[in-house]
Amino acid sequence: MTSLSIVIPAYNAEKHLDACLRSVVNAMRTLSGDSQLRCEALVVDDASDDSTATLLAAWTQAHEQIRTFRHTANGGAAAARNTAIAQSASEWVLFLDADNVLYPEALRTFSMQIAARPEVDVWVPGQDLIDPAGNRVGDFYADWIKTHPASRYSNQPESLLLSNFIDTFTLVRRTLVAAEPFDPTLRFVSDWELWIRLLFKRHAVFGFIDIPLGGYRVHVDQITSQDNRRSPSFLREHLRVLAAGVGMVCKGEIGEFAASNQLLADMTRRMLDFASALNPVPVNQNAQTRTHPAVPMLPWLPEGRWLPHERDWADQAIAGWQKDAAPPPGIALALLPNAQIPAQPSR
């Protein structure tokens, strides 16, 4: 028998929590009679100050498969997920946000996929986009992320270092995320940073399910709203993850995956975009060093030539990020301190 814990972080989730837990209970009922999968739901109240705690008390009283935990101080979704992972004894954990829903056939589908492909460590299902009322308004990956995750993973898995193409709604082996938990210092991109570690450090095998098994609710209060995407914290976290990714490439830490000059150039340009939004600095154009309109000097030119005097800026950038401060204006920034820099990155 396979066991599965549905992990739900909840912070001030009163608007959509009932719909989320109702969908979870319905999926468990659909699974009733299937002796191959045992399920529970672990909900972590991340120090909510609305009626989330009251709602959870009613749900746990009515359903023994739902267990709840409460943080005394708000730590963010990543910390809440880590709490639930630590409380789980299941083989698998399914990450579901409190404003989203699980479809009735989801658990049965996961059970069949686990049995059919035992080599897979991370299952990535499809999702619908739903509005605040729960009506379908589109496809999450096609219309929101605008990519096909299975294709990206099959054709260019190293592009995960450039941008995230996998949502938090995934089914993952618990032993993997117990050994590699979410980074609680990241509130916006903790899932992306985790997928990078699981793929390149743990060599996890990802599997994809094309049919939608849940609904991703689009609403103004979500952490990935447009207002949050413009916040300094959002931009800074992206810079951190991109910088760490370039450092991994430079130090040869991505294993059998090959990072091209183009990927490094694209990562650097993306860093420049985020840095420019954080700290715009007008500079003069310089053809020799190929300056950016807002931030001077790319660390990797498209031909892969390294500008050695940029190393000091890299150290400054990392030190600045560790203090949660805006990076200095010259984002040649991309490299971790003491990285071994090849004259030409691998093609």
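Scroll up to find the structure.
In this text the structure is predicted, and so the values were computed from the model without any measurement. (Residues numbered from 1 in each chain as written. Predicted model: local features only at pLDDT ≥ 70, side-chain atom pairs only at ≥ 80, totals over all residues. Heavy atoms only, no water.)

Visitor: Even after reading the chapter, I still don't get the overall build of the protein chain, so can you show me in this structure?
Guide: Of the regular secondary structure elements, the protein chain holds 12 helices and nine strands. Within the protein chain, the fraction of its 347 residues that count as buried is 56%. Here the analysis covers contacts within the protein chain between residues at least 6 apart in sequence; of these, 75% occur between residues at least 24 apart. Total accessible area on the protein chain is roughly 15,300 Å²; 50% of this is exposed by carbon and sulfur atoms. (Helix = DSSP H or I, 4+ residues; strand = E, 2+ residues; numbered from the N terminus. Buried < 20%, exposed > 50% of the residue type's maximum accessible area, 1.4 Å probe, protein only. Contact = heavy atoms within 4.5 Å. Areas by Shrake-Rupley, 256 points an atom, 1.4 Å probe, with all protein chains shown as cover.)

Visitor: Which parts of the structure should I look at to understand the packing of aromatic side chains?
Guide: One pair of aromatic rings is described through two measures. These are the centre distance and the angle between the planes. Per the stated rule, a full pass over the model turns up eight aromatic pairs. Relative to phenylalanine 206, the ring of tryptophan 195 has its centre 6.5 Å away and its plane inclined at 90 degrees; by these criteria the two rings are edge-to-face. Of the two residues, tryptophan 195 sits in helix H8 (residues 190–200) while phenylalanine 206 sits in strand S9 (residues 206–217), which places them 11 residues apart along the sequence. Judged by relative accessible area, which is 0%, tryptophan 195 ranks as buried. A residue is classified by how much of its surface remains accessible, and phenylalanine 206, at 4% relative accessible area, is buried. (Phe/Tyr/Trp six-rings, centres within 6.5 Å; stacked < 30°, edge-to-face > 60°.)

Visitor: Help me understand the pattern of salt bridges, please; the structure alone is not making it clear to me.
Guide: Opposite charge on two side chains permits them to pair, given that their charged atoms come into close proximity. As enumerated under the stated definition, the model contains 12 salt bridges in all. Its salt-bridge partner being lysine 201, residue glutamate 180 comes within 3.2 Å of it at the nearest N-O pair. Residue glutamate 180 is located in the loop between helix H7 (174–179) and H8, and its partner lysine 201 is located in the loop between H8 and S9; the two are separated by 21 residues in the primary sequence. Residue lysine 201 is classed as exposed on the basis of its relative accessible area of 52%. A salt bridge links arginine 197 to glutamate 193; the nearest nitrogen and oxygen atoms lie 2.8 Å apart. In this pair, arginine 197 and glutamate 193 both sit in helix H8, four residues apart, roughly one turn of the helix. By relative accessible area, arginine 197 is classed as buried at 16%. The network of salt bridges with common partners includes Glu180, Glu193, Arg197, Lys201 and Arg202. (Salt bridge = Lys/Arg side-chain N within 4 Å of Asp/Glu carboxyl O.)

Visitor: Explain the packing of helix H1 (residues 17–31) against helix H2 (residues 52–62) to me, please; I cannot follow it from the model alone.
Guide: The packing of two helices is summarised by the inter-axis angle and the distance between the axes. Packing of H1 against H2 brings their axes to within 11 Å, and their N-to-C directions diverge by 20 degrees. Here H2 runs roughly parallel to H1, going by the angle between their axes. The handedness of the crossing between H1 and H2 comes out as right-handed. For the pair H1 and H2, the contacting residues are Leu17, Asp18, Leu21, Arg22 and Val25 in the first and Thr52, Leu55, Leu56 and Trp59 in the second. Of the residues in the contact of H1 with H2, the class split is six nonpolar, one polar and two charged. (Axes fitted to C-alpha atoms, helices over the stretch in contact; angles between N-to-C directions. Parallel < 35°, antiparallel > 145°, perpendicular 65-115°, else oblique. Left-handed = near helix turned anticlockwise from the far one by under 90°. Nonpolar A, V, L, I, M, F, W, Y, C, P; charged D, E, K, R; others polar.)

Visitor: Looking at this structure, how should I read H8?
Guide: An α-helix turns once every 3.6 residues. As a result, residues three or four positions apart point the same way. Most of H8 is tucked away: 11 of the 11 residues are buried. Among all positions in H8, only Ser190, Asp191, Trp192, Glu193, Leu194, Trp195, Ile196, Arg197, Leu198, Leu199 and Phe200 are buried.

Visitor: Would you mind showing me how to read the side chain of arginine 152 here?
Guide: By the element assignment, arginine 152 lies in helix H6 (residues 149–155). The charged side chain of arginine 152 is buried without a salt bridge, its nearest counter-charge being glutamate 158 at 9.2 Å. A polar contact is formed between the side chain of arginine 152 and the side chain of serine 159, at a distance of 2.8 Å. (Lys, Arg positive; Asp, Glu negative; His and termini not counted. Polar contact = N/O pair within 3.5 Å; in protein donor to acceptor, adjacent residues only side chain to side chain.)

Visitor: Explain the nonpolar core to me, please; I cannot follow it from the model alone.
Guide: In globular proteins that are soluble, nonpolar side chains generally tend to be buried together. Counting residues in each nonpolar core, the largest one holds 54 residues, and the members touching the most others are Phe95, Val172, Ile196, Leu198, Phe200 and Phe206. When residues of this core are assigned to their parent elements, the largest contribution, nine residues, is made by helix H10 (residues 232–250). With sequence-adjacent residues up to four places away left out, valine 172 is seen in contact with Glu91, Trp92, Val93, Phe95, Asp121, Val122, Val177, Trp195 and Leu198. Residues Ile8, Ala10, Ala27 and Trp123 belong to the second largest nonpolar core, which totals 36 residues. (Core = buried A, V, L, I, M, F, W, Y, C linked by side-chain atoms within 4.5 Å.)

Visitor: I keep staring at the environment of tyrosine 153 and nothing clicks. Help me out?
Guide: Structurally, tyrosine 153 is set in helix H6. If sequence neighbours within four positions are ignored, tyrosine 153 has contacts with Phe165, Leu199, Ala204, Val205, Phe206 and Phe208.

Visitor: Please explain unusual backbone geometry as it appears in this structure.
Guide: Most peptide bonds take the trans configuration, and most residues that are not glycine carry a negative phi. In this structure, asparagine 12 takes a positive phi of about 45 degrees despite not being glycine. For asparagine 12, the location among the structural elements is in the loop between strand S1 (2–10) and H1. Non-glycine residue lysine 146 carries a positive phi angle of around 60 degrees. Among the structural elements, lysine 146 can be located in the loop between helix H5 (140–145) and H6.

Visitor: How should the pairing of strand S6 (residues 122–130) be read in this particular structure?
Guide: Two faces make up the sheet, and in a regular strand the side chains alternate between them. Counting buried positions along S6 yields nine of nine residues, so the element is predominantly enclosed. As defined by bridge partners, S6 adjoins strand S8 (residues 171–173) across two bridges and the pair is classed as antiparallel. Opposite tryptophan 123, over in S8, you have leucine 171 as the bridge partner. Bridge analysis of S6 against strand S7 (residues 136–139) gives three bridges, and the strand direction is antiparallel. Each residue of the ladder has a partner; that of leucine 129, found in S7, is glycine 138. (Pairing = 2+ DSSP bridges.)

These results come straight from atomic positions and should not be treated as a statement about function.
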